[in-house]
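# Report on the structure
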Amino acid sequence: MLRGLGAVLAVLLVIGLAADAYAQSFFDSLPSIQGLDSATFAGDTVIYDSTGKTILADVGNQGNHRLAVKLKDVSPVAIQATVAIEDKGFYTNPGFDLAGIIRAGFDNLRAGRIVGGGSTITQQLAKQQFLTPDQTISRKIKEVALAYELSQTYTKDQIMELYLNKSFYGSQSYGIEAASQSYFQIPASKLDLAQAAMLAGLPQAPTEWNPVLHPDEAKTRQAEVLRAMVRSDFISQEDMDKALAEKLTYHAPINSFKAPHFVDYVLAELRQLGYQPGLQQLNVRTTLDWSMQQKGEAVVSSNLKNNLWRDRNGVLSSGLAAVQPTTGNILVMVGSPSYNSTGGQINYTTIPRNMGSSMKPYTYGAVINARAATVDTPVYDGPSPLVYKDAFSTTKIYNYDGKTHGVLPLKKAMGNSLNIAAVKVELSIGVPAVLTWLRGMNVFPRYIAPDGSYNATAPSDEYGPSLTLGGYPITLLEHVEGIATYADKGVYHSPQAVLSITDSHGQELYKDHPEQRARLAIDPAVAFIMAQIMADDQNRCMIFGCNSALHWKDRTVAAKTGTTDNFKDAVTIAFTPDLAVGLWVGDILSNNHVMSAGSDGIYVASPGVHTFVSQALAGVPGNRWYTAPPGVVAGPNNSWYLADTTKIDKLPGDNPPSPTPTGPAIVVPPDPGGPVVASPVPSPCPSPAPVPPGPCP
């Protein structure tokens, strides 16, 4: 027994020595935590255009705020708010919270993915300062070990100071001093309870809870912080109520970034990729075409100036987005006419707006794909109003001009943007089928709930026939990427802003692979037919007049306008094999402010798109167009059909009167585009010589 006991003790001793050696080796492998000082934090992120030569932003220097502050110069309530919402056991734990880690582990197991890490303030500091953002067990172990070492090496006040100076608070503000001066224009030492609670809630989601961009969400987060402070006995319920009642005024940062809305978009994408822009030394090459971006900014500015008279009592704004159809790369993003103006920080290419009749190409594509109609199937544009009833309401649908126009072939019903015909076409296959078609191209119309919230994935039975009329908001960027699916013969590419990322030594950390973002979303034959309809000026002459701003004298372009009720929004989308673009103009003041009567997309947005396309594609042959893919056959008068469906005599559910009524005389509106000659005869791709901005699809 003694010999056996001795053997066991010997084994335990060996195991203990091995474990001790491993532990020593593990801790020796961790980065040094010595000499941390807030004043030495650095690491700018430099963002370039697609050439890698033009600097769009130097994040961490140009335009950004990074100010170190001593803990004694931070308002005590700001420290308390941070502890309450981030790590209530901060002053007593050894750098990590074992119960929190176990709890987060069970949450992750239940969710089947990483939903939380139970990180303390010390762990967050360790992660920000020393580790990559990888969500792995080994990284988490290192995070805990480093947090423990930090807790053993530095005082709690030192750790808190480091954390407050390291954290990102949104609006280009790194550190609580920079955030305080940016949002409230006061030093951190002067923060009151309401202001401190607002700032303390930002580091976990600095964009989503940014009070300048999302004041309602920020207010909700502020209340969450204050409740945590009450639970921690830092403040009373009365203090919380007073803080919630205090009206805060926020100030947006002033910056000198080039393409500032695009830079914001890139910064968000970098964070999604797991990087820390402004804290890491990164060189980021983006998709932006700086030369084209400048043209886009000039067009948005001049086009808006030409339309300001339409909205004298409101606030008119505008946005433009352009992408390369063959990759989904964002070439141009103009989020507003002036970033530093009132409301200018809002990116109107990435927030939902109503797009009016510019949504109709999706409906017509879905119907052709369903073999419910061909481009020549007759559609009765009547009666007026077209009355649609369901279990909840009755909707009356009118055409833009308040008239009806007899029986027309489907391609002319679409080209002339007839609302009654569009709803009939939509109902021939059902709203859910059209919605499925849209979502297949990553276009997600938002159902608006009674409380005003948006739901991009609501059940299809929540949507009504106004879907084809643009009655459900989408973003301009997703609209352009969706219509670019037609431009790339049915291939959808998710939008991309970042091409590559390298570190300060030039080592490549990330590289985009466009082919991995591509998928065949719709039949190439349907995409080709839709391009033909939208590029044929004869299909829209009845309402828009021939040679309007939707027609280019020197190139073939597919285009469509959109106008919302009461002229709140005006939109035009257009595409060629090389470019897809959308321009939105609308009032941003309130629902009570709109443009004057007659402010249709053809007058408000189309001239700007016409100018932009002409300038952006200068030097690109105007006859670059599509080769007819397999599965289509040609008919008379530039009609194209699916090979298996060359004739459908009647739209399902359409019942025109007999005899067919004669349409009233059409009054053609003035020509916004001026007199032009016919566009050049299309030449199938590829072009004889390589032409920017991209390969012909």
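Residues numbered from 1 in each chain as written. Predicted model: local features only at pLDDT ≥ 70, side-chain atom pairs only at ≥ 80, totals over all residues. Heavy atoms only, no water.

## Points about the overall build of the protein
Rules: In DSSP terms, a helix is any run of H or I states spanning at least four residues, a strand is any run of E spanning at least two, and both are numbered starting from the N terminus. Remark: exposure states derive from per-residue accessible area (1.4 Å probe, protein chains only) relative to the maximum for the residue type, with buried under 20%, exposed over 50%, and partly exposed in between. We call two residues in contact when some of their heavy atoms are within 4.5 Å.
The secondary structure content of the protein amounts to 21 helices and 24 strands. For the protein, the residues scored as buried account for 52% of the 697 residues in total. Counting contacts in the protein only where the partners sit at least 6 residues apart, residues at least 24 apart contribute 74% of the total.

## Side note on a positive patch on the surface
Heads up, the condition is: Each patch groups residues whose relative accessible area exceeds 30% and which form no salt bridge, using 9 Å between like charges and 5 Å between nonpolar side chains of Val, Leu, Ile, Met, Phe, Trp and Tyr. Computed with a 1.4 Å probe, the accessible areas rest on the Shrake-Rupley method; for each residue, only the protein chains presented here act as cover. Take a side-chain nitrogen of Lys or Arg and a carboxyl oxygen of Asp or Glu: if they are within 4 Å of each other, that pair is a salt bridge. Positive charges come from Lys and Arg alone, negative charges from Asp and Glu alone, with His and the N- and C-terminal ends not counted. Taken as the charge centre is NZ of Lys, CZ of Arg, CG of Asp or CD of Glu, depending on the residue.
Together, K88, R103, R227 and R231 give the surface a local cluster of positive charge. Its location among the elements puts R231 in helix α9 (residues 215–231).

## Some thoughts on the sheet that holds strand β2 (residues 55–59)
Convention followed: For two strands to pair, DSSP has to find at least two bridges joining them. All axes are obtained by fitting lines to C-alpha atoms, using only the stretch in contact for helices, and the reported angles, taken between N-to-C directions, cover 0 to 180 degrees.
With mixed pairing, the five strands of this open sheet are ordered in space as β2-β1-β5-β15-β16. Both edges of this open sheet fall to β2 and β16 (508–511), since each of them pairs with a single strand only. The average angle at which neighbouring strand axes cross in this sheet is 15°, direction not considered. When strand β5 (residues 282–286) meets strand β15 (residues 498–503), the two strands line up antiparallel, connected through five bridges. Along β15, the bridge assignment pairs N283 with T502.

## A short note on the packing of helix α2 (residues 76–86) against α9
Stated formally: Oblique is the label for any angle not under 35 degrees, not over 145, and not in the 65 to 115 range, which are roughly parallel, roughly antiparallel and roughly perpendicular in turn.
As a packed pair, α2 and α9 sit with axes 8 Å apart at the nearest point and diverge in direction by 90°. Compared by their axis directions, α2 and α9 come out roughly perpendicular. Residues V77, Q80, A81, A84 and I85 of α2 form the contact with α9, whose participating residues are R221, E224, V225, A228 and M229.

## A few points about the nonpolar core
For clarity, the cut-off: The set of buried Ala, Val, Leu, Ile, Met, Phe, Trp, Tyr and Cys residues whose side-chain atoms join them within 4.5 Å is what this entry labels a nonpolar core.
Core analysis: the largest hydrophobic core is formed by 115 residues, its most contacted members being I47, F262, Y362, Y364, Y486, F575 and F612. Here this core takes 10 residues from helix α18 (residues 524–535), the largest share from any one element. The residues touching F575, leaving out its near neighbours within four places in the chain, are I483, Y486, A487, A531, M534, V557, A558, A580, W625 and Y626. Listed in part, the 48 residues of the second largest apolar core include V83, A126, L164 and A200.

## Some remarks on the environment of N419
Looking at the element boundaries, N419 is found in helix α15 (residues 419–427). Under the relative-accessibility criterion, N419 is labelled buried at 14%. Every residue in contact with N419, bar those within four places of it in the chain, is listed here: S357, K360, I397, Y398, N399, Y400 and L469.

## Quick look at the environment of S171
Counted only if it meets this: Throughout this description, a polar contact denotes any pair of N or O atoms lying within 3.5 Å of each other; where both atoms belong to protein, one of them has to be capable of donating a hydrogen while the other can accept it, and for residues adjacent in sequence the pair is counted only when both atoms sit in side chains.
Positionally, S171 belongs in the loop between α6 (156–166) and β4 (173–174). Judged by its relative accessible area of 12%, S171 is buried. It is 8.0 Å that separates the C-alpha atoms of S171 and P206, two residues lying 35 residues apart in sequence. Leaving out residues up to four positions away in the same chain, S171 has contacts with S182, Y183, N210, V212 and P253. Polar side-chain contacts of S171 include one of 3.4 Å to the side chain of Y183.

## Some remarks on unusual backbone geometry
Omega for the peptide link from G382 to P383 comes to -5°, which places this bond in the cis form. Along the chain, S384 connects to P385 via a cis peptide bond; the corresponding omega equals 0°. Along the chain, P385 turns up in the loop between β8 (378–381) and β9 (386–389). Phi at N566 takes a positive value of approximately 60°, unusual for a residue other than glycine. Take N566: it is sitting in the loop between β18 (558–563) and β19 (569–575). On the basis of relative accessible area, N566 is assigned to the exposed category, the value being 58%. Despite not being glycine, F567 has its phi angle at roughly 60°, a positive value. Within the secondary structure layout, F567 lies in the loop between β18 and β19. Using a relative accessible area of 17% as the deciding quantity, one classes F567 as buried.

## Remarks on the pattern of salt bridges
In a structure, side chains of opposite charge can pair up when their charged atoms sit close to one another. Throughout the structure, instances matching the rule amount to 14 salt bridges. Between D644 and R371 there is a salt bridge whose closest N-O contact spans 3.1 Å. Of this pair, D644 sits in the loop between β23 (640–642) and β24 (683–684) while R371 is found in the loop between α13 (360–369) and β8, placing the two residues 273 residues apart along the sequence. The exposure class assigned to R371 is partly exposed, which follows from its relative accessible area of 32%. Here K568 makes a salt bridge to D587, at a shortest N to O gap of 3.2 Å. Taken together, the residues K568 in the loop between β18 and β19 and D587 in strand β20 (residues 580–587) connect sequence positions 19 residues apart.

## Some words on the sheet that holds β19
The strands that make up a sheet pair up through hydrogen bonds in the backbone, lying either parallel or antiparallel. Strand order in this open sheet of five strands is β7-β6-β20-β19-β18, and the pairing throughout is antiparallel. Of all the strands in the sheet, just β7 (330–334) and β18 have a single pairing partner and so form its edges. Each neighbouring strand pair of the sheet contributes to a mean axis angle of 10°, computed without reference to strand direction. Where β19 and β20 come together, seven bridges link them in antiparallel fashion.

## Points about the side chain of S428
As for its position among the elements, S428 is in the loop between α15 and α16 (431–440). Within the structure, S428 has its side chain in polar contact with the backbone oxygen of V425 (distance 2.5 Å). In this structure, S428 is in contact with V367, A372, L651 and P652, ignoring residues within four places of it in sequence.

## Focus: helix α17 (residues 476–487)
Definition in use: Multiplying one less than the number of residues by 1.5 Å gives the expected span of a helix.
Look at α17: 16 Å from first C-alpha to last across 12 residues, which is about the 16 Å you get at 1.5 Å a residue. Of all the 12 residues making up α17, 12 are buried; the element is thus mostly covered by neighbouring parts of the structure. Along α17, the residues that are buried comprise L476, L477, E478, H479, V480, E481, G482, I483, A484, T485, Y486 and A487. Taken from the residues just after α17, K489 is the one with a positive phi, measuring 55°.

## Section: the packing of aromatic side chains
Just so we agree on the cut-off: Note on aromatic contacts: the rings of Phe and Tyr and the six-membered ring of Trp form a pair at centre separations within 6.5 Å, being stacked when their planes are under 30 degrees apart, edge-to-face when over 60 apart, and tilted otherwise. In our convention, an over-ring charge means Lys NZ or Arg CZ found within 6 Å of a ring centre and within 35 degrees of that ring's normal.
Evaluated as defined, the whole model comprises 11 aromatic pairs. Where Y362 meets Y486, the ring centres are 6.3 Å apart and the plane angle is 35°; that geometry is what we call tilted. On the criterion of sequence distance, the pair formed by Y362 in helix α13 and Y486 in helix α17 is long-range, its members being 124 residues apart. Exposure class is identical for Y362 and Y486. Each is buried. Through a chain of ring-to-ring contacts, the aromatic side chains of Y183, F184 and Y250 assemble into a single cluster. Across the ring face of F90, the terminal group of K156 is positioned such that the distance to the ring centre comes to 4.9 Å.

By themselves, these observations are geometric and do not establish any function.
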